[in-house]
Every structure is written in C-alpha cells, then in structure tokens.
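Overview (structure and organization)
As a plain string of letters, each chain reads:
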Amino acid sequence: MKYCKRCLFPDTKPDIYFDEHGICDACRTAEKKNEAEEGIDWKRRAKEFEEIIEKYRSKDGKNYDCIVPVSGGKDSMWQTYCMKVIHKMNPLAVTFDQFDKTSVSEHNLEILRKIGVDHIHFTLNPNIVKRLVKKGFEIVGDPYWVNHVGIFTIPAKIAVAFNVPLIIWGENSQMEYGGPAADRERKVLDKRWRQEFGGMRGFREEDMVDDEISMSDLKSLVYPSDEDIQKVGVTGLFYGYYFKWDSQKNMEKAKEFGWKPLPRAWAGSWLDWENCDMKFEGIREHLKWIKYGYGRATDQVNIFIRSGLLERDEGLKIVKERDGKLEYKKEFCDFIGISENEFDRIRDTFVNTDIFKRDGDGEWVLKQGPC
Ligand SMILES: [Zn+2]
C-alpha cells in the first residue's frame, strides 16, 4: 500500500488520485479551499448562491422556499441555521429515519426544530428495513445501503410531492474526501450523483428484489421520474460548494444551541461529534477497513492534518490505534437475525487479502500498516 505523503489515505481507497509528488487529490483540493489568493473565490460563490436562492424564494409565503435534508448531526444543524437565519428562507426539514438512531440524535433533532422550522420524518417499514440491512451487509458489505438510498431519495420525493424545487445539501464529499476532478467541483446533487457517490455501491433499488422484498416494498426508495423532477424543477445544491465547509466550526456553532455530541467516539472513529445518529457506525467502518485498509479514524484525522491542526505523526498513532475497531457486533447480529459466526463468515468474503493477513489469534491485520 502506498500512502499520501501529506495525509493518511492509502492508494487502495476507491477514486483516489496521487500526483507526481505523492500527494492525494483530497489534500490538493484542501489547499485550494484554504488558500486566500489563487484559491477558490468564495465571495463570488456566495454571491452566486444568493442570486440562485432569490429565484426560489416564495413571493406570497404560501409554500416552503427550500428543503433541508437533516439527520440531526452538526452539519444539518448548520445548514438549517444558515437557510433560516442567515439567508432568511423558509425551509422544510426532512429526515429519513435511521434504523439504528440514538437518543443523542433525537435530542439534536429537537434542538434543530427550535431554530424555527417544520420537520417531516419519513420512516420506512421496519420489516423491510431489517431485510435490506441484512442484504446490504451480505451482498455489498455495507449494512447502511438502505440508509444511503433513503437519505438521497426521500428529500427528492418530498420536493416533488410538496412542489418545493430547491433542496440544500451539505458538503460535497468528493471535495472533502477526494474524487474525480469534475466531481470535486460539482454544485448539484442529482440522480446521477446519487447512483455514483451516494453509497449505493453499484446496486440499484431493483437489484434488491428477491423472494422476501418486492418492488412495491421499495417504492419509497425509487427516485422520482425525470418527468416529475422536471415538472417541479427539482434542483439539489451543495451548500459546501458555495461556502467553505468546516465541520468543526459547524459543531461549535451547533453546541451554542444545545446540540450534543456522543458520550464518546464510536469504536473505529476518533471524533465524538460525527455520525451521532448511527449506532452501528463501527460495523460499517470495520467493513470499509477490511475492503480498503482504512477506516473512519483516517477520514477524520486527515481533515485535521489538512487544516494544519494535527501533525501527520500524531494522526498515524490515532489511526493505528482506532481504525477498523468493531463494537456492537452481537447487537447487530441480533437485529438482522444471524449468529456471530455467520457475521464473521460474511465479513470474511469482503476481506482484501492482498493487504490483510490473519494474526496469531486469527484476527485480520494489515500486512503493512499505515506509515
Ligand atoms: Zn492526502
């Protein structure tokens, strides 16, 4: 494995590009994002945003001005605050309920509503969710397949149903975590983006149909037709394209309203203020680690390294200690109705044996860890 010379991303990460100096594209984009001169012209982008949203502002106050998809995390708190208070819009908050939500996330959604917004919860039939979580784990090695699809589909469905064309998304993940050049500069989240980067891993809704799951069970996860999207004029914008995205600042601001972090970071993560709404985050990240050799702690540490808040050496220590650590395995197995041995068997089908080997206790370890 080759590692970025500046951050800790390995070349086994999908869609990553290293330049001739051994620096990854996420680091190069961060340089541009943070440069005062010759970097991104944030003033121009802010002006562009104001001009766009003006077109969507309801003139007679009879409808919402925009939809903000929210999880209750610090980023969606920030998006809602910006749209309601800074841009003086009238947003409708929309949540696709996670199957493994936490009491912290429920508290935080309560706080979010108090910014002064109406809020819709969409909860998918829990019997279908359970089957989809199991199937996501078995065939794509990602129990959150259903969550990714729901998060990126339900707001578009509500936009069509309520005739509210503008959707304000948060960060552009290709800009923050790396990706193809054209996609790092994307302003718009649409069906194509959902398919490619929305965590669907090449599996469409219809690919999940089997003896237990019908297309009718999945109707809420099917993206609106092109015709409906065009009729309403649904446009999803990345707020992070127009305004410099800073998760830590978002978190600090959210705390001023009474937003709470987790009691501790999840196993496999480093920060206690990310992914607060997903109890099985450690399972998902363990699977990512087993496939690509890096986990959530790496993602988090890298952002700090790029912002100059952490030395690479310090980051390395954190990553070696935390990446890939697993917790709530028994609870997860009980939830989808399998044994822990069955979990191991399924997990092992996703291990990248080019980079992993078993240690003396039979546990998977990287042949050559981050360096
Ligand atoms: Zn890098």
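Residues numbered from 1 in each chain as written. Predicted model: local features only at pLDDT ≥ 70, side-chain atom pairs only at ≥ 80, totals over all residues.

1. Digging into the overall build of the chain
Convention followed: Strands are runs of DSSP state E lasting at least two residues, helices are runs of H or I lasting at least four, and both sets are numbered from the N terminus onward. All radius of gyration figures rest on C-alpha atoms, and the globule criterion is 2.2 Å times the number of residues raised to 0.38. With C-beta atoms placed from the backbone, a residue is labelled by how many other C-beta atoms lie within 10 Å of its own: buried for 20 or more, exposed for 12 or fewer, partly exposed between the two.
When its secondary structure is counted, the chain shows 17 helices and seven strands. Taking 2.2 N^0.38 as the reference for a compact globule, 371 residues should give roughly 21 Å; the C-alpha atoms of the chain span a radius of gyration of 21 Å, in line with that estimate. With the C-alpha coordinates aligned to their principal axes, the bounding extent of the chain is approximately 70 × 55 × 40 Å. Relative to its full complement of 371 residues, the chain shows a buried share of 41%.

2. Points about unusual backbone geometry
Phi is positive for Asn163, which is not a glycine, with a value near 55 degrees. One can find Asn163 in the loop between α6 (145–162) and β4 (166–169). A positive phi angle, close to 60 degrees, is found at Tyr328, a residue other than glycine. Structurally, the position occupied by Tyr328 is in the loop between α15 (312–322) and α16 (329–336). A residue is classified by how many C-beta atoms lie within 10 Å of it, and Tyr328, with 17 of them, is partly exposed.

3. Details of the domain arrangement of the chain
To be explicit about the condition: All the domain ranges listed were derived from an automatic or database domain assignment. Here, residue contact means that the backbone-derived C-beta atoms of the two residues sit within 7 Å.
Its domain assignment divides the chain into domain 1 (42–242) and domain 2 (258–354). For domain 1 and domain 2, the distance between their C-alpha centres works out to 23 Å. On the side of domain 2, 19 residues touch domain 1, which itself brings 24 residues to the contact. Of all the elements in the fold, those that place two or more residues in the side of domain 1 that touches domain 2 are α3 (74–86), α4 (103–113) and α5 (126–140).

4. Points about the nonpolar core
The nonpolar side chains of a soluble globular protein tend to be buried, and buried together. Worth spelling out the cut-off: In plain words, the nonpolar core is the set of buried Ala, Val, Leu, Ile, Met, Phe, Trp, Tyr and Cys residues that C-beta atoms within 7 Å link up.
Core analysis: the biggest nonpolar cluster contains 80 residues, and Cys7, Phe9, Cys66, Ile67, Ile167 and Ile168 have the highest contact counts within it. Take this core: its biggest share by element is nine residues, from α6. With sequence-adjacent residues up to four places away left out, Cys66 is seen in contact with Tyr56, Met83, Met89, Pro91, Val164, Leu166, Ile167 and Ile168.

5. Digging into the packing of α3 against helix α12 (residues 247–256)
Spelled out, the test is: As a rule, the C-alpha atoms of each element are fitted with a line to give its axis, helices using only the stretch in contact, and angles between N-to-C directions run from 0 to 180 degrees. Each angle gets one of four labels, with under 35 degrees taken as roughly parallel, over 145 as roughly antiparallel, 65 to 115 as roughly perpendicular, and the rest as oblique. Under the convention adopted here, Pro, Cys and the residues Ala, Val, Leu, Ile, Met, Phe, Trp and Tyr are nonpolar, Asp, Glu, Lys and Arg are charged, and Gly plus all remaining residues are polar.
Where α3 meets α12, the closest approach of the two axes is 8 Å, and the angle between their N-to-C directions is 75 degrees. Considering the angle they form, α3 stands roughly perpendicular to α12. When α3 is examined against α12, the residues Lys74, Asp75, Met77, Trp78 and Tyr81 are found in contact with a partner set consisting of Ser247, Asn250, Met251, Lys253 and Ala254. Residue composition of the contact of α3 with α12, grouped by class: five nonpolar, two polar and three charged.

6. A word on the pairing of strand β1 (residues 66–69)
Under the convention used in this document: One requirement defines pairing of two strands: DSSP has to find at least two bridges between them. A right-handed crossover is one whose linking path, passing over the helix from the first strand to the second, runs clockwise when the strands point away from the viewer.
Here β1 shows no split at all, with Cys66 and Val68 on one side and Ile67 and Pro69 on the other all buried. Sheet topology note: the β1/strand β2 (residues 91–96) ladder contains four bridges and is parallel. Bridge assignment links Cys66 to a residue of β2, and that residue is Pro91. One crossover worth recording links β1 to the parallel β2 by way of α3, and it is right-handed.

7. As for the environment of Ile283
Note on placement: Ile283 falls in helix α13 (residues 281–292). The sequence separation of Ile283 and Glu171 amounts to 112 residues, and the corresponding C-alpha distance is 23 Å. Once you skip the residues sitting within four places of it in the chain, Ile283 turns out to touch Pro143, Leu326, Tyr328 and Phe332.

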